[in-house]
Amino acid sequence: MAALREWAAGGHPGCVLHAFSGDQAMADEVISLGFFIGLAGPLTFQNARRLPEIVPDLPLDALVIETDAPYWRPSLPGQA
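Residues numbered from 1 in each chain as written. Predicted model: local features only at pLDDT ≥ 70, side-chain atom pairs only at ≥ 80, totals over all residues. Heavy atoms only, no water.

A.B. asks: Is there a simple way to think about the sheet that holds strand S2 (residues 36–39) in this case?
C.D. replies: Strand pairing in a sheet takes place through backbone hydrogen bonds and is either antiparallel or parallel in direction. Strands sit in the order S1-S2-S3 across an open sheet of three strands; the sheet is parallel. Of all the strands in the sheet, just strand S1 (16–17) and strand S3 (63–65) have a single pairing partner and so form its edges. Two elements, S2 and S3, share three bridges in a ladder whose sense is parallel. Bridged to Ile-37 within S3 is Leu-63. (Pairing = 2+ DSSP bridges. Helix = DSSP H or I, 4+ residues; strand = E, 2+ residues; numbered from the N terminus.)

Written as structure tokens, this is what we have:
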């Protein structure tokens with residue numbers, strides 16, 4: 001977070017936090033800094049606990065849907 005705060009304070013453009021896996025507090029702070037939250041396949045993984053809980057409360061204009069296909073494909077029902 002210190003590096004992101006420094007980047008934002010330097011007047012640099014926002015960025016995407018690729019494959020975000022932080023908590024609500026981190027999401028709130030990076031959004032307030034003008035950054036975007038990148039959501040990828042891990043959001044759908046069975047072991048993803050925190051992220052599916054916070055995503056519904058994030059502003060849509062702060063979200064970026066991304067992929068590293070085929071390496072981070074969505075987990076479908078019945079898949080690990």
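Once you've had a look at it, read on.
A.B. asks: Would you mind going over the pairing of S2 with me for this structure?
C.D. replies: Examined bridge by bridge, S1 and S2 share two bridges and lie parallel to one another. The partner of Leu-17 across the bridge, within S2, is Ile-37.

A.B. asks: Is there a simple way to explain the nonpolar core in this structure?
C.D. replies: Proteins that are soluble and globular tend to have nonpolar side chains buried together. Core analysis: the biggest nonpolar cluster contains 13 residues, and Phe-20 and Ile-37 have the highest contact counts within it. For this core, the secondary-structure elements that each account for two or more residues are helix H2 (24–32), S2 and helix H3 (50–54). What Ile-37 contacts, discounting residues up to four positions off in sequence, is Leu-17, Phe-20, Ala-27, Val-30, Ile-31, Leu-58, Ala-62, Leu-63 and Val-64. (Core = buried A, V, L, I, M, F, W, Y, C linked by side-chain atoms within 4.5 Å. Buried < 20%, exposed > 50% of the residue type's maximum accessible area, 1.4 Å probe, protein only. Contact = heavy atoms within 4.5 Å.)

A.B. asks: I'm lost on unusual backbone geometry in this one. Help?
C.D. replies: Both trends apply: most residues other than glycine have a negative phi, and most peptide bonds are in trans. One non-glycine residue, Ala-19, adopts positive backbone phi at about 50°. Summarising the element assignment, Ala-19 is placed in the loop between S1 and H2.

A.B. asks: Hey, could you run me through the pattern of salt bridges in this one?
C.D. replies: Any two side chains of opposite charge can pair, given that their charged atoms come close. Evaluated as defined, the whole model comprises one salt bridge. Residues Arg-5 and Glu-29 are paired through a salt bridge, measuring 2.5 Å at the closest nitrogen-oxygen approach. Placement of the pair is Arg-5 in helix H1 (residues 2–9) and Glu-29 in helix H2, with a sequence separation of 24 residues. Since its relative accessible area comes to 25%, Glu-29 is described here as partly exposed. (Salt bridge = Lys/Arg side-chain N within 4 Å of Asp/Glu carboxyl O.)

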